[in-house]
Amino acid sequence: MEIVDACEVRTTCPYCGVGCGVLAKVATDGQVSVRGDPDHPANFGRLCSKGSALAETIGLDGRLLRPQIHGRGSSWDEALDLVASTFSQVVTDHGPDAVAFYVSGQLLTEDYYLANKLMKGFVGSANIDTNSRLCMASSVAGHRRAFGSDTVPGSYEDLELADLVVLVGSNLAWCHPVLYQRIAAAREKRPEMKVVLVDPRRTMTSDIADMHLAIAPDGDVALFTGLLAWLGQHNALDRAYITAHTSGFGQALFAASALDLAGVAAATGLSEDEIGRFYSLFARTEKTVTVYSQGVNQSSQGTDKVNAIINCHLATGRIGKPGAGPFSVTGQPNAMGGREVGGMANMLAAHMEIENLEHRERVRRFWKTPEIAGKPGLKAVEMFKAVADGRVKALWIMATNPVDSMPDAGAVEAAIKACPFVVVSDVLAETDTVRHAHVRLPATAWGEKDGTVTNSERCISRQRAFLPAPGEARPDWWIIAEVARRMGFDDAFAHETPAEIFAEHAALSGFENDGARDFDIGAYADVDADGYEALAPFQWPALQPGGSTQAEPPPDAVNSTGHQPTRFFANGNFYTPDRKARFIAIRPTVETRTTPDFPLILNTGRIRDHWHTMTRTGKSPRLSQHIAEPFVEIHPVDAQRHGVGDADIARVSTPRGEVLVRALVTTRQLQGSLFAPMHWTDQFAARGRLDTLTTSLTDPVSGQPALKHVAARIEKFTARAFGFAVTRKRPVAMADYWAVARCRGGWRVELAFARDDVDWTAFAGSLFDAADGEMLAYHDREAGQHRIAAFDGEHLAGALFIAPGPVAVSRGWAAEQLDEVHASQRQRFRIVAGRAGAERPDAGATVCSCFNVGVTQITAAVAAGCTSVDAIGATLKAGTNCGSCRSEIRAIIAANRVQAAE
């Protein structure tokens, strides 16, 4: 690509729901760099480690660049004609419900809008659901039960204005780092501000917490139901707000009153003293925000958890006010945008209800379609069960990887493999899902896409293209529109630009909207191409002149940041028929899922530097250095009981399957529970697909699966030999256990073998794919130590280190050797020896991904007198960019203080 002028493009990060603004710069030589947008109201210039590394993820290696049919290249016309004709024939032969779309919060709003319009308005089925069902469905259901609409009442500013922030089921430091840093910065300015963390694990977020409530799995319902009862008993209610703006309070309080402190303690695993201190703090702090995420949502009781939290805010009138309210933090960049266009199976576009005849008729008239889906479709878990039993015969998967991310993923993979016709739109040629597609459609990626996304505070931002579409890749909206036209729906899908789609979406939101619906961006119904290109971030609602809304304007014309947040419900005006919020009567139940065979609770989640199934972050060498292989956290007592040692390979299993992961023994983990991340796939590990273990049990209201409460067992995998390798080429020979990760210049590989009678030299040659060139080796067969290095000229082709236990060589140092010139035998033998020379100190395991600072460097700085996180930052830069590593740096400082005192 020839670049004439260097420039910066304002766009939006494609990771979590914080929705950070990004400035992407393409230099004259084509090199891309990114930095945080200082003017974006979500982040004001901050970026997390993932956002900071975006430029490392845009390479074309592994990209799907041409349509494929049954694995062979095809033209777009051939592929699109096949998709359209097959879908049409399935509808004719079996009815519209035999077709299903499974879409993604990675889609832009314009993509989402057309997919929903095609499925519900023209195919005639509501069988379109999204991977947002796996992360935010319980929030949607809880909002709709309480407010009559899926409305997030507050804004990010409330996190900084609050005197108490309660974080429930949210490792904000790793999963939403920029919001974490905003809270941390606010707390430094106002030390009287308090933070409470409610989480079974002592995560890195606990670093800013004044109180950590290590709650039992699914104990949240009892905790907040008990809080409602306590508020009633201690006269800590806003009676005026309850009377004027709510209904059902008496029933909710009566149900909650059955739970005393002893009952809450029994259900939560907390002490009565801990519970009492939290309740008292909540009661006396007027400006309280309760932030909740996947620990609340991913539960068979997720909707009740959401409503238990909302009940407490309604009872105290702490909603829609500066520094007060319940706050759902979304997991994906456009989960909110998908909700706005009706991307879920039980919703219509513009926050209208598919069960509501008037709403269906309104959308039908707007879309000018003869009929519209008349009932909710299949939610994600139900959808793949319908694929498995043959009810769904044609499936289109867009921008997501359900073979890895769906619960009971093994059964999902079997269903997809058995489906008669599977279409996958994706950016990569090989994923665990793409490999089963009959038709593969190459989609554009971040940096090439053009459209909008909505973040967790209802702020709509532009994602702008700054790179050309490679090969034959096309935008998702274009692909959907082309299929629709070939199915005979030409007039309804005549869009030529994403600006036209956005304008239609905006027009629908304001269509016959007299203020009875929360979502309204009708002010943009007439936006043209120039206006769309210049669109600045804005928070909805945004009404046409004369429009009506229940949103509250900001108390001041402009706040200190220049951003003008809007809030809902401070003065009532909910979206229920009587305009009153509904309290939900909740009676907590304690579910016991463990058995003698599966005595532990498995909790799943994310880590700091990786995202979903690593199709993007797995490309970045920097992001793979912090944690490079799948792992399981286990408490020391449980580890001893089950015979698992630190750094052992552990087999974690449930009735649905098993995985092999590295054991991490830590007191951060609650006794009786395990934690493992969900990111690893068959592309990156031998047996690391964690969601093959999880259950398809769902919340009965939201349909969201219970991914954080799974009965499991753990045992040591008996390995006779362990290995670590670095290799320039992606390795082709593996072991009983393996995990690969990018590094500069190649790949790093963790290995474990059930046998030790291996020809290690031959294995190394196969692993490196190094038939020619010099090979140096050291073998101590009695000690089980083997070190082998292969060279291609003056460059290292690969190095393999074998030991009877976990290999002690520095991973960072070994990986760096792939980028070095090794002209002398001394340099080469140093690699075989497995250690750096005195002139090249080892940085140690990466702690700060932004600046590649390792634990050894930080430890040395502490020994030299750097005794604070800020001092480490001033010396090494670590912790001065995204701040995600600051809690780890503080832990290293504390550990070294303890060691020095002993």
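Look up: the structure comes first, before these words.
Residues numbered from 1 in each chain as written. Predicted model: local features only at pLDDT ≥ 70, side-chain atom pairs only at ≥ 80, totals over all residues. Heavy atoms only, no water.

Asker: Please clarify how the nonpolar core should be interpreted in this entry.
Answerer: The nonpolar side chains of soluble globular proteins are, as a tendency, buried together. By size, the foremost hydrophobic cluster in this structure holds 122 residues, and its most contacted members are Phe87, Phe101, Leu223, Phe224, Phe278 and Trp396. Sort the elements by how many residues they give to this core and helix H8 (residues 220-233) lands first, with nine residues. Formed by 99 residues, the second largest nonpolar core is a distinct cluster that contains Met193, Trp446, Tyr737 and Phe801. (Core = buried A, V, L, I, M, F, W, Y, C linked by side-chain atoms within 4.5 Å. Buried < 20%, exposed > 50% of the residue type's maximum accessible area, 1.4 Å probe, protein only. Helix = DSSP H or I, 4+ residues; strand = E, 2+ residues; numbered from the N terminus.)

Asker: Explain the pairing of strand E18 (residues 459-463) to me, please; I cannot follow it from the model alone.
Answerer: For a regular strand, side chains alternate in direction, first toward one face of the sheet and then toward the other. Within E18, five of the five residues are buried, which leaves it mostly tucked inside the rest of the structure. Here E18 shows two buried faces, one formed by Cys459, Ser461 and Gln463 and the other by Ile460 and Arg462. Pairing analysis gives four bridges linking strand E17 (residues 451-454) to E18, with the strands arranged antiparallel. Note that in E18 the partner of Val453 across the bridge is Ser461. Two successive antiparallel strands, E17 and E18, enclose a turn made up of four residues, where Arg458 displays a positive phi of approximately 70°. For E18 and strand E19 (residues 538-539), the ladder comprises two bridges, and the chain directions are antiparallel. Bridged to Cys459 within E19 is Gln539. (Pairing = 2+ DSSP bridges.)

Asker: Even after reading the chapter, I still don't get unusual backbone geometry, so can you show me in this structure?
Answerer: Most peptide bonds take the trans configuration, and most residues that are not glycine carry a negative phi. With an omega dihedral of 10°, the bond running from Trp540 to Pro541 counts as a cis peptide bond. Relative to the helices and strands, Pro541 resides in the loop between E19 and strand E20 (551-552). Residues other than glycine seldom take positive phi values, yet Phe44 does so here, at roughly 45°. Phi at His351 is positive, roughly 60°, even though this residue is not glycine. You can see His351 is positioned in the loop between helix H15 (335-340) and helix H16 (357-367).

Asker: How do you make sense of the pattern of salt bridges when you look at a structure like this?
Answerer: Proximity of charged atoms lets side chains of opposite charge pair with each other. Summed over all chains, the structure comprises 63 salt bridges. Between Lys305 and Asp218 there is a salt bridge; the shortest N-O distance is 2.8 Å. Remark: Asp218 occurs in the loop between strand E10 (211-213) and H8 and Lys305 occurs in helix H14 (residues 302-315); sequence separation between them is 87 residues. Judged by relative accessible area, Lys305 falls into the buried class, the value being 1%. Among the residues examined, Asp218 registers a relative accessible area of 13% and is labelled buried. One salt bridge in this structure joins Asp609 and Arg608, with 2.8 Å as the shortest N-O distance. Since its relative accessible area comes to 1%, Asp609 is described here as buried. Judged by relative accessible area, which is 1%, Arg608 ranks as buried. The network of salt bridges with shared partners includes Asp77, Asp81, Glu482, Arg485, Arg486 and Glu496. (Salt bridge = Lys/Arg side-chain N within 4 Å of Asp/Glu carboxyl O.)

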